[in-house]
Amino acid sequence: MTQHHPAERIVVLTGAGISRESGLETFRDADGLWSRHNIEDVCTPEGFRRDPMLVDRFYNGRRAELAGVQPNAAHLALAELERAAHDGRWNGELLIVTQNIDDLHERAGSRNVLHMHGELRRVRCTSCGATPEWLDDCLPDTPCPACHRPTLRPDVVWFGEVPLHMDRIQTALAGCDRFVTIGTSGTVYPAAGFVAEVRDHAETVDINLDAPQIPTLFDRTLVGPATRMVPQWVTELLGA
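Along every chain, residues carry numbers that run from 1 in the direction the sequence is written. Two thresholds apply to this predicted model, a pLDDT of at least 70 for residue-level local features and 80 or more for giving and counting side-chain atom pairs, whereas whole-chain, interface and lining totals are computed over all residues. Hydrogens are left out, water is left out, and the side-chain values use all remaining heavy atoms of the structure.

### What about helix α9 (residues 226-239)?
Helical periodicity: at 3.6 residues per turn, an α-helix aligns residues three or four positions apart in one direction. The end-to-end C-alpha distance of α9, which contains 14 residues, comes to 19 Å, matching closely the 20 Å that a straight helix rising 1.5 Å per residue would cover. Three exposure classes are used, based on accessible area relative to the maximum for each residue type with a 1.4 Å probe and protein chains only: buried under 20%, partly exposed in between, and exposed over 50%. Secondary structure is summarised from DSSP: a helix means a run of H or I of at least four residues, a strand means a run of E of at least two, and numbering begins at the N terminus for each. Every buried residue of α9 is accounted for by Ala226, Met229, Val230, Trp233, Val234 and Leu237. Seen along its axis, α9 keeps its buried residues to an arc of 130 degrees; they face one direction. Exposed residues on α9 whose side chains face more than 90 degrees from its buried face are Thr235 and Gly239. Packing partners of the buried residues in α9 comprise β1 (8-14), α1 (16-20), α5 (73-86), β6 (178-182), β7 (203-208) and β8 (220-223). By definition here, a helix of n residues has an expected span of 1.5 Å times n minus one. For this quantity, the arc is that covered by the directions from the helix axis to the C-beta atoms. Whether two residues are in contact is decided by their heavy atoms, any of which lying within 4.5 Å being enough.

Structure (structure tokens):
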């Protein structure tokens, strides 16, 4: 009789560190976007009400920047792992939960991706709720393609707003066998609390550029650039 091993369920949480290696500016680094922009002005609902043109221009700039970068080896390795599940080389399921608003995971080929902080290449209509894909500039008088009202905003979760897809994320965390974080600071909640939620039933791995300064809840820490460590980890997984 052949034994059927149950599929391994992996949840990967990615943060700014994975996109930084593609050349995208991060928000929290010492020389990042927050050092030049006031968070209250460009990343809160109040800031948008106060000066929608300023906020639209800020995100138009981020969208233009995104057009000039490509997925890196870490994004490509995760997409390869998903492909391996589909073509039978790996008996597993992979869900990527990303705190990033870029589309580099999708451009690398990943399909099973949840953007908990929204997507830069989408806008949201506050009148009809449509969230169309959006690659061009958006301004306060730009009409919604669905209802034609000029009530579009970036489809991004701002400070004070609830992250997206939390029900699906919680279900995936509750049922995962392995939880891996890549390039995340571990300081932004609710994502920072995920490792504590899964410790009783999942192996936990942290892939980060720097070794943790304080005792960590993770079973393993892999220290180095995501472009090197993630392909290594995926190779190890597929080899096993």
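### Some words on the pattern of salt bridges
Basic side-chain nitrogens of Lys or Arg form a salt bridge, by our definition, when they fall within 4 Å of a carboxyl oxygen of Asp or Glu. Scanning the entire structure with this criterion turns up 15 salt bridges. Among the ionic pairs, Asp155 bridges to Arg124, the shortest N-O distance being 2.9 Å. Here Asp155 is found in strand β5 (residues 152-156), whereas its partner Arg124 is found in strand β4 (residues 118-125), with 31 residues between them in sequence. Between Arg178 and Glu203 there is a salt bridge, and its shortest N-O distance comes to 3.2 Å. In this pair, Arg178 sits in strand β6 while Glu203 sits in strand β7, placing the two residues 25 residues apart along the sequence. Here the salt bridges share partners, and the residues they tie into one network are Glu80, Arg83, Asp87 and Arg89.

### A short note on the UniProt feature "binding site: NAD(+)" (unreviewed entry) in the protein
Sites flagged by UniProt as "binding site: NAD(+)" (unreviewed entry) map to Gln99, Asn100, Ile101, Asp102, Gly183, Thr184, Ser185, Asn208, Leu209, Asp210 and Ala226. Taking the farthest pair of C-alpha atoms as the criterion, the annotated set spanning 128 residues is dispersed, since that pair is 22.8 Å apart. Within the element layout of this structure, Asn100 appears in the loop between β2 (92-98) and α6 (104-108). Taking the relative accessible area as the measure of exposure, Asn100 reaches 7% and is therefore buried. Apart from residues no more than four positions distant in its own chain, Asn100 is found in contact with Thr14, Gly15, Ala16, Ile18, Ser19, His115 and Gly118. Under this definition, polar contacts are N or O atom pairs within 3.5 Å; protein pairs additionally need one hydrogen-donor-capable and one acceptor-capable atom, and for neighbouring residues in sequence, both atoms have to be side-chain atoms. A distance of 2.9 Å separates a polar side-chain atom of Asn100 from the backbone oxygen of Gly15. With respect to the helices, strands and loops of the structure, Ile101 is situated in the loop between β2 and α6. With residues near it in sequence (within four places) discarded, Ile101 still touches Tyr59, His115, His117, Gly118, Glu119, Leu120 and Val156. UniProt positions are given in the numbering used here, feature names are shortened, and annotations may be inferred rather than shown by experiment.

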